[in-house]
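Residues per chain are reported as follows:
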Amino acid sequence: MKKGLLFLLPILASASLFADEAAAPARGQSMYQTLMMIGIALVFFYLILWRPEQKRRKKMNDLRTNLSKGDRVTAMGIVGTVAQIKTDTIILKMVDGAKIEVIKGAISDVQPAGTEDKKVDISSAETNGADS
């Protein structure tokens, strides 16, 4: 990022040296253009960055508040089944029977209890195909 800015610095500096002082726009017009550009930038940031992030955050918050026992969740890369729900934390049951307590805010994915991932084991499919 800094290299890109350093590359543009001489170009921007030389552009101001060659600017014609007599061709400068009126003060009121440049202020209007500046305000217009700031307004466009704010609308751009709202529509492109802030609004989608608000929607994503609200969706994740709804998923975290509507957790139920038996849901499969992913928290910080740890996958487990919800065993108990507390106020700010949940207790996950792992595959080997171990239990771990995680903060609700760390949950990044929730799969309802009835939903099972149907994953195909690629290694067994490849070995079966090679034998025939």
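Please read all numbers here as calculations on a predicted model, not as lab measurements. (Residues numbered from 1 in each chain as written. Predicted model: local features only at pLDDT ≥ 70, side-chain atom pairs only at ≥ 80, totals over all residues. Heavy atoms only, no water.)

A.B. asks: Help me out: how do you make sense of the UniProt feature "transmembrane region" (unreviewed entry) in the protein chain in this one?
C.D. replies: Sequence positions flagged by UniProt for "transmembrane region" (unreviewed entry) are, in local numbering, residues 29-50. Here residues 29-50 runs as 100% helix and 0% strand, with 30 Å between its end C-alpha atoms. (UniProt positions renumbered as here; feature names shortened; annotations may be inferred. Helix = DSSP H or I, 4+ residues; strand = E, 2+ residues; numbered from the N terminus.)

A.B. asks: Any chance you could explain the pairing of strand β4 (residues 99-103) here in plain terms?
C.D. replies: Walk down a regular strand and you will see the side chains alternate between the two sheet faces. The sheet contact formed by strand β3 (residues 89-93) and β4 spans five bridges and is antiparallel. Each bridged residue has a counterpart across the sheet, and for Thr89 the counterpart in β4 is Ile103. Connecting β3 to the antiparallel partner β4 that follows it, the hairpin turn spans five residues, and Gly97 within it adopts a positive phi of roughly 95 degrees. (Pairing = 2+ DSSP bridges.)

A.B. asks: When you look at the pattern of salt bridges in this model, what are you seeing that I'm missing?
C.D. replies: For side chains bearing opposite charge, pairing can occur when the charged atoms are close. For the structure on display, the rule yields three salt bridges. In this structure, Arg56 and Glu53 form a salt bridge, with 2.6 Å as the shortest nitrogen-oxygen distance. Linking Arg56 with Glu53, this pair stays in helix α2 (residues 27-65), spanning three residues, or about one helical turn. Taking the shortest distance from any N to any O, the salt bridge between Lys86 and Glu101 comes out at 3.7 Å. You can see Lys86 sitting in the loop between β2 (78-85) and β3 and its partner Glu101 sitting in strand β4, a full 15 residues away along the chain. For Lys86, a relative accessible area of 36% translates into the label partly exposed. Classification of Glu101 by relative accessible area gives partly exposed; the value is 45%. A single network of salt bridges, built from pairs that share partners, joins Glu53, Arg56 and Arg57. (Salt bridge = Lys/Arg side-chain N within 4 Å of Asp/Glu carboxyl O. Buried < 20%, exposed > 50% of the residue type's maximum accessible area, 1.4 Å probe, protein only.)

A.B. asks: So what exactly am I meant to see when it comes to the packing of aromatic side chains here?
C.D. replies: Here a ring pair, both rings aromatic, is described through the centre-centre distance and the interplanar angle of the planes. With the rule as written, the count across this model stands at two aromatic pairs. Seen in terms of ring centroids, Phe44 and Phe45 are 5.8 Å apart; in terms of plane orientation they differ by 70 degrees. Their pairing is edge-to-face. Judged by its relative accessible area of 46%, Phe44 falls in the partly exposed class. Among the residues examined, Phe45 registers a relative accessible area of 37% and is labelled partly exposed. Taking the centre distance of 6.3 Å and the plane angle of 35 degrees together, the rings of Phe45 and Trp50 count as tilted. Taken together, the ring pairs in this structure connect Phe44, Phe45 and Trp50 into an aromatic cluster. (Phe/Tyr/Trp six-rings, centres within 6.5 Å; stacked < 30°, edge-to-face > 60°.)

A.B. asks: I keep staring at the nonpolar core and nothing clicks. Help me out?
C.D. replies: Note on soluble globular proteins: their nonpolar side chains tend to be buried together. Grouped together as the largest cluster of nonpolar side chains are 10 residues: Leu67, Val73, Ala75, Val82, Ile90, Leu92, Met94, Val102, Ile107 and Val110. Looking at this core, the elements that each hand over two or more residues are β1 (72-75), β3 and β5 (107-111). Here Val110 is in contact with Leu63, Leu67, Asp71, Arg72 and Val73, once residues within four sequence places are set aside. (Core = buried A, V, L, I, M, F, W, Y, C linked by side-chain atoms within 4.5 Å. Contact = heavy atoms within 4.5 Å.)

A.B. asks: What is the right way to look at a nonpolar patch on the surface in this model?
C.D. replies: On the surface, Met31, Leu35, Ile38, Leu42, Val43, Phe44, Phe45, Tyr46, Leu47, Ile48, Leu49 and Trp50 cluster together into a nonpolar patch covering about 1,200 Å² of accessible area. With respect to the element layout, Leu35 can be found in helix α2. (Patch = residues over 30% accessible without salt bridge, like charges linked within 9 Å, V, L, I, M, F, W, Y side chains within 5 Å. Areas by Shrake-Rupley, 256 points an atom, 1.4 Å probe, with all protein chains shown as cover.)

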